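Report on the structure
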Amino acid sequence: MIGNIVIVLFDGLAFGMLLFVLSVGLTVTLGLMNFINLAHGAFGMLGGYVTVLLMRQYGWPFLLTLPMAFLAAALVSVVLERVFFRRLYRAGELNQVLFTIGLVFVAAAGATYFFGTGQQPIVLPSWLRGSVEVAGIRFGSYRIFLIVVSLIITALLFFTLERTRFGAKIRAAVDNQRVAQALGLNVERIFAITFALGSGLAGLGGALAIEIVGLDPSFGLHFLVYVLIVVSVGGLGSIPGSFLGAALLGIGDVAGKYLVPELGSFLIYLLLVAILLIRPTGLLGKR
Amino acid sequence: MVLRTESICKSFGSLEVARDISIELPQGARYALIGPNGAGKTTFINLITGQLRPNSGRILLDGQDITATGTAERVRRGLTRTFQINTLFPDLTPLESVTLVVCEREKKAGQFWRSLASHREAIEESHAILSQLGLAEVAMKPTRQLAYGQQRLVEIALALATRPKVLLLDEPAAGVPKDESAMLFEVVASLPRDIAVLFIEHDMEIVFSFASQVIVLVAGGVLLQATPDEVKEDPRVREVYLGRGHG
Amino acid sequence: MLQSQVSTPAMQPVAWIRRRNRWTIFEVLFWLATLLPFCFFPAYLNLASQIAITALFALSVDLVLGYAGIVTLGHAMFFGLGAFTVGILSSRYGWGEPISGLFLAALVAGLAGFASSFLIVRVQHLALIMVTLGLGLLTFELGNALSWLTGGTDGLTGISTWNIFGYFRFDLWGYTAYSYSLIVLFLCFLLCRVIVNSSFGLALRGIRENVKRMPAIGSDYRWHLRVVYTISAAIAGVAGALLTQTTNTVTLEVLSFQRSADVVVMLILGGTGRLYGAIVGAVIFLIARDQLAGINPQYWFLWIGLLLMFVVMFMPKGILGGLARLVRREE
């Protein structure tokens, strides 16, 4: 009994950590640029497919593909930002939503063309397969890996934001863009770099997600909903907020599907609506 | 006293934006609120109109405590403001915008079964207000197509259409180029005599032309309240604006 | 042209407003054109009635999106509620009278709309989009969970719609279906037209243009939003009911996110805030989908994605907006 609860919490936490890596970029860019980028999930999908391609076509080891997934997504996001997103910053929410959804559709079609509609399985290195037994409970090795990697990323993010000058600039720009600009910060460059970093993390998240939730062309749209929930519940622009939101959603989703499978994601959506009504800016959001 | 505030205090965490502000506005008043940037003038207006809730203190309109009332209700009771930055309806024409205000005032805005054209009196009243402000010729163009100075006037038109007892003007001349400000001066001068007006202004010309009393706000608190001439001579005011050692 | 040569507008303000809301020749021609399928495309009457139903749904969304400025990604909730009301009435309780079915669907959907409106007015921006999305997804999951009521993934069976007024039978070719849908669409359109041309419609546009200014003019704008949301939900419910009645089937798809998203795409295509934009957008979207999906179902997404990106970048006011700009430039 206890064992089951622990496993559910563990699995939920692992899923939550995955969601955190996928979402943290979006919450920062939403808080920073006020640009609703629904194509964020598509960056995740891109990262996933990069990993699949590198592993299957070129025989790269799994761990080595992860930074490549990050880089690929970051680079593509820079191009997209320059060519398209820049013109939409003042276009209003509806236009941003629709344009980026259109982008997701195009990306999904592209993925279908190059990879087909099926799931893309990958073969993990042997030390990531299997499980570890502690106190009579079997914990999946990959999920442990996932939690560790996410915590490392969280620590890196925290360190960058709180201790480096660049991090301070990001925080200033999120807090009050006009004043930051008046103080001489190159806000445009901060946007671009932060956007690239955030999208890169999404790509990394997509690569990490393959083993847990699979990868197919609908990934971009499917995980969009999860990512949006994490970001709105956590609060725009708040990294601790999206950590909390991701953990809640991850555990809630796994627990819900375990305890009451007939209701599916009903409880998650109910939680989303309830939280937004009590705190429209999210649990740890500003303003 | 048409408007009275009693010891209004407001802080955001450790930042005090309003310290014990008590002012009184009699009927027909023409009071100016001045002070350096960041003194809390617009914040004070936000507190009076209900956009911000004070931490302590009371606000009374015509003797009634409105501290807990919502902004829309305060407008209905006669307390209206204009915004420092144009907060208009860009796609609506001035005629439509002011007609909307009149319909809301008459509580007829919710009648979705009646065509807009059937509200004859509202439309004519709206046109009259706009004509008085010299906007008759542009009344039927989308507001976004108007010159900046004209838009500032629409800002005032919207406020006047609520038939206020107390009118709070937040820097009415802000951003208006010199050649357009003449109309603005005229409008401020010809505001109905029975309305109590409190206006924030940096333009000292307007302050000295129209204000009978000047309230100086510094760092969230009232430094002094006096006639324009007295304020001009007061050394403390000089210090606040020019700094010490500037004789 | 003529107007620009007159320095002072000779037109009285009331007359000017009345002129803006008058029926134009284009509108008359438009509605006459809706009769064309009867003569020229009799084989497509069933498709035409589906288009009319979707256009009605799009119209309901235009009220809240185009006029009040509420970006909603979950309006299929009300469409589905209306569809299921009629479906359950017929399949469970054997009641298939169409007109009363429409009214009941409007009532159920309207009540749901009224209840949700209290939630909707408390949030803005992204949180608002998420609440509408969440409510829509919630309703879908609920429909899935209550499969004993909704028929689950298979949908409801045993639905039959009685003759309209006891006389007009739903024929195979779709004459009755299209006439019925078209008349309901037109009547609801008239209602929407009255609403948007009233002072209430003006208030809605005020909310859309600058919600911050509304309390400052003494407007109880939240009440306005609740009213329009309720009316919009009721109309969406009527559209859903029409779908069930003309096809005699209803599945969970009527509550799907896909449906909510499609209708928003239609609005951006045709142009928001014009009523006719909703109808034009629905026509173009459905015909395009019919053609493109026929060519290659897998890449349907590609074309819609590209279309969306193109429209947002170059024609953000939609097709009707683009046309309006062309006409104005000629003046």
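Just so it is clear, the structure is predicted and the values come from calculations on it, not from any experiment.

Below, the discussion takes up the sheet that holds strand β5 (residues 64-65) of chain B. Residues and elements named next belong to chain B. The sheet built from four strands is open, its strands ordered β2-β1-β4-β5 with antiparallel pairing. Because the sheet does not close on itself, it has two edges, and the strands there are β2 (15-25) and β5. Note that strand β4 (residues 56-61) and β5 share two bridges and pair antiparallel. From the neighbouring strand, Leu 61 faces β5, where its bridge partner is Gln 64. Along the sheet face, helix α1 (residues 41-49) touches β1 (3-12), β2 and β4 and points at about 65° away from the line of β2.

On to the packing of helix α1 (residues 2-33) of chain A against helix α8 (residues 187-213) of chain A. Residue and element names in this part refer to chain A. Close contact between α1 and α8 brings their axes to 8 Å; oriented N to C, the two are set at 160°. Judged by the angle between their axes, α1 and α8 are roughly antiparallel. Crossing hand, α1 versus α8: left-handed. Among the residues making up the contact of α1 with α8, the classes are represented as 18 nonpolar, six polar and no charged.

Residue and element names in this part refer to chain B. With phi around 55°, Asp 62 is a residue other than glycine that occupies positive phi space. Residue position: Asp 62 is located in the loop between β4 and β5. For Ala 219, which is not glycine, the phi dihedral falls at a positive 50°. Here Ala 219 shows up in the loop between β9 (213-218) and β10 (221-226). We classify Ala 219 as partly exposed; it has 15 C-beta atoms within 10 Å.

Let's shift gears to the UniProt feature "transmembrane region" (unreviewed entry) in chain C. The UniProt record marks residues 28-45, 51-70, 101-121, 128-149, 177-204, 225-243, 263-288 and 300-320 of chain C with the feature "transmembrane region" (unreviewed entry), using the residue numbering of this structure. The span residues 128-149 of chain C is 95% helix and 0% strand, and its two end C-alpha atoms sit 30 Å from each other.

Bringing helix α5 (residues 148-160) of chain B into the picture now. Residues and elements named next belong to chain B. Here α5 spans 19 Å end to end across 13 residues, near enough to the 18 Å set by a 1.5 Å rise per residue. Burial of α5 is extensive: eleven of the 13 residues sit out of reach of the surface. Of all the positions in α5, only Gln 150, Gln 151, Arg 152, Leu 153, Val 154, Glu 155, Ile 156, Ala 157, Leu 158, Ala 159 and Leu 160 are classed as buried. Buried residues along α5 sit in contact with β6 (79-81), α3 (94-105), α4 (120-132), β7 (166-170) and α6 (181-189).

A regular strand places its side chains so that they alternate between the two faces of the sheet. Residues and elements named next belong to chain B. The buried fraction of β7 amounts to five of the five residues, a majority that puts the element mostly inside the structure. Side chains Val 166, Leu 168 and Asp 170 of β7 all project onto a buried face; the interleaved residues Leu 167 and Leu 169 project onto the opposite face, where all are buried too. Inspection of the sheet shows β6 paired to β7 by three bridges, in the parallel sense. Looking at β7, one finds that Thr 80 is bridged to Leu 167. After leaving β7, the chain enters α6 and then returns to the sheet as strand β8 (residues 196-200), a path that is right-handed.

This part is about the interface of chain C and chain B. The accessible area lost on association of the parts is a frequent measure of interface size. Contact with chain C, which involves 31 residues of that partner, is made by 38 residues of chain B. Contributing elements (two or more residues each) for the side of chain C that touches chain B: α2 (13-20), α10 (175-196), α11 (199-209), α12 (213-216) and α13 (221-247) of chain C. Ranked by residues supplied to the side of chain C that touches chain B, first place goes to α11(C) with seven residues. Of the residues belonging to the side of chain C that touches chain B, the class tally is 15 nonpolar, ten polar and six charged.

What counts, and where the lines are drawn
Residues numbered from 1 in each chain as written. Chains lettered and ligands numbered in written order. Predicted model: local features only at pLDDT ≥ 70, side-chain atom pairs only at ≥ 80, totals over all residues. Pairing = 2+ DSSP bridges. Helix = DSSP H or I, 4+ residues; strand = E, 2+ residues; numbered from the N terminus. Contact = placed C-beta atoms within 7 Å. Axes fitted to C-alpha atoms, helices over the stretch in contact; angles between N-to-C directions. Parallel < 35°, antiparallel > 145°, perpendicular 65-115°, else oblique. Left-handed = near helix turned anticlockwise from the far one by under 90°. Nonpolar A, V, L, I, M, F, W, Y, C, P; charged D, E, K, R; others polar. Buried ≥ 20, exposed ≤ 12 C-beta atoms within 10 Å, placed from the backbone. UniProt positions renumbered as here; feature names shortened; annotations may be inferred. Expected span 1.5 Å × (residues − 1). Right-handed = clockwise from strand over helix to strand, strands pointing away.

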